[in-house]
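Residue-level listing of the chains:
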Amino acid sequence: MQYVSTRGAAPALNFEDVVLTGLARDGGLYVPEAWPQISGQDLSDWAGLSYADLAVKVMTPFVGDSLDHDAFNEIVHASYRAPDVFHHAAVTPLQQLDSNEWLLELFHGPTLAFKDVALQLLGRLFEAILARRGSHITIVGATSGDTGSAAIEACRDRENIKIFMLHPAGRVSEVQRRQMTTVLSDNVVNIAVEGTFDDCQALVKSMFGDLAFRDRVNLAAVNSINWARVMAQIVYYVQTVIALGGRQDRPIDFSVPTGNFGDVFAGYVAAQMGVPISKLVVATNINDILSRALNQGDYSCGQVQPTMSPSMDIQVSSNFERLLFDLYGRDGAEVNSLMQRFVQSRSLELGPDQLAQAHKQFTAARVDEAQTSGAIADVLAQSGVLIDPHTAVGIAAGRKQRNDEHVPLVTLATAHPAKFPDAVERATGQRPGLPPHMADLFDREERYETLPNDLGVVRNYVEGLAG
Ligand SMILES: *Cc1c(COP(=O)(O)O)cnc(C)c1O
């Protein structure tokens, strides 16, 4: 399997190089040159497989022969081991809400959010590839709270990887800070920056822009444009379709709380592979660039507005470029000129043909804060289940867009309610408790360094500790 850049001007790479490279040299994102196919026979043959065994079947065509099959098999089984890595034997279990409505629980990993599903695999892939090449990397990231902990859990104690995570001092919730700072592994360094999240991001960007520094420490990123993250997320769509019957003549709708368009793009890939998926509902909060793009063709940036679903408070959806590539007939030059225009004007418009093409697979809805709280309260009243605000955006959008009750509707539950206890308590009067494996989070020892918002100081600190 070879991968091509969405902007058409970077060399084609194999899987291993794509995992290590992240962003293509022409500024594009890597996608497989063709979508592997899953047949109806495959779906019925795969019924009853464990999550890890199914994951190997689904992902092997994307890996090709760039990794040894037995080694890949071992990595996948280690990533989805239960109950110590994922705290549920099914890894991503389905929970029934109504006669034909379901929740796909993606929050049973180490940090209680869906990013664990992909990052647990990515950390182990990095480790295996680096060992084979005899090299090492330094990962530097910035977090406003949620993704930092998933990246740290994915990289902790891994050989040849050192991870530095910057967070704005005093500006992340205590649960979020402790999920990062109580990881005391030697290869994990938490830095509290005396500044805002934007300051942290600017520092990281400057370090990546300093090419000499970048080469000295082998700087790498684990952000959501990495193809391996999308690939890992295809698996639970396939698992769900199989669990609900797996029949080509009975396709399923999914509603996906969306920020960077990674998770819902994985659903699109599953559909391209032949998995019977009817509609994918792109669920956004009031930061609605994606629902405007898919409803009116208007992909233009506004100001980020803070909401109770902060992991979806975005301005630009980086993975959307992967969909644009398909909508524009896989013409890299065309995507390149679109993206150049977007950088200049902060806006681009989808043509009528592209919009019609997108509507074959996607619908989209925007959910405001009152509707989000309403959905949390409704699901508790109707089904006795507490959901987090991100999941609630998915529920509200899915129900809004639903036009056939005979089609099963599955909403992706992207975070455990205990990650957002204040919003859940405001909506329901109930305060969700941390699951048993995290119950002692507030008693654990913390370790982090506080540094000024100063590029020279932070960069020297990173270089001093990088392997
Ligand atoms: C990251 C995140 C999302 C958005 O996922 P994308 O792949 O960026 O669309 C939704 N919910 C939660 C809880 C997240 O952490």
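Note: the structure precedes this text.
About the cut-offs
- Residues numbered from 1 in each chain as written.
- Predicted model: local features only at pLDDT ≥ 70, side-chain atom pairs only at ≥ 80, totals over all residues.
- Heavy atoms only, no water.
- Pairing = 2+ DSSP bridges.
- Helix = DSSP H or I, 4+ residues; strand = E, 2+ residues; numbered from the N terminus.
- Axes fitted to C-alpha atoms, helices over the stretch in contact; angles between N-to-C directions.
- Contact = heavy atoms within 4.5 Å.
- Left-handed = near helix turned anticlockwise from the far one by under 90°.
- Nonpolar A, V, L, I, M, F, W, Y, C, P; charged D, E, K, R; others polar.
- Salt bridge = Lys/Arg side-chain N within 4 Å of Asp/Glu carboxyl O.

Engineer: Explanation requested: the sheet that holds strand 3 (residues 94-98) in the structure shown.
Structural biologist: The strands making up a sheet are joined through hydrogen bonds of the backbone, oriented either antiparallel or parallel. Taken in spatial order, the six strands line up as 3-4-14-9-10-13 in an open sheet, and their pairing is mixed. Where the open sheet ends on each side, the last strands, each with one partner, are strand 3 and strand 13 (362-366). The sheet shows a mean angle of 25° between the axes of neighbouring strands, direction not considered. Its contacts with the sheet put helix 10 (residues 227-243) on strand 3, strand 4 (101-105), strand 9 (252-257), strand 10 (277-284) and strand 14 (409-413), and the angle it makes with strand 9 is roughly 145°.

Engineer: Hey, could you run me through the packing of helix 5 (residues 115-133) against helix 6 (residues 146-155) in this one?
Structural biologist: To characterise two packed helices, one gives the angle between the axes of the helices and the distance between these axes. At a minimum axis separation of 8 Å, helix 5 and helix 6 run at an interaxial angle of 35°. Read as a crossing pair, helix 5 and helix 6 show a hand that is right-handed. Along its contact with helix 5, which presents Lys115, Asp116, Leu119, Gln120 and Gly123, the element helix 6 presents Thr147, Ala150, Ala151, Glu153 and Ala154. Here the residues of the contact of helix 5 with helix 6 sort into four nonpolar, three polar and three charged.

Engineer: So what exactly am I meant to see when it comes to the sheet that holds strand 8 (residues 219-220) here?
Structural biologist: Taken in spatial order, the five strands of this open sheet run 8-5-6-7-15, and their pairing is parallel. One side of each edge strand has no neighbouring strand; the edge strands of this open sheet are strand 8 and strand 15 (449-452). Pairing analysis gives six bridges linking strand 6 (residues 161-168) to strand 7 (residues 188-194), with the strands arranged parallel. Pairing of Met165 across the sheet is with Asn190, part of strand 7. Packed onto the sheet, helix 7 (residues 174-181) meets strand 6 and strand 7 and runs at close to 160° relative to strand 6. Strands strand 5 (137-142), strand 6, strand 7 and strand 15 of the sheet are contacted by helix 19 (residues 455-465), whose axis makes an angle of about 140° with strand 15.

Engineer: Even after reading the chapter, I still don't get the pattern of salt bridges, so can you show me in this structure?
Structural biologist: A side chain with one charge can pair with a side chain of the opposite charge if their charged atoms come near. Considering all chains together, one arrives at 23 salt bridges under this definition. Salt-bridge contacts for Asp298 lead to Arg292; the nearest nitrogen and oxygen are separated by 3.2 Å. Connected through salt bridges with shared partners, the residues Glu16, Asp17, Arg132 and Arg133 form a single ionic network.

Distances and angles like these do not, on their own, reveal function.
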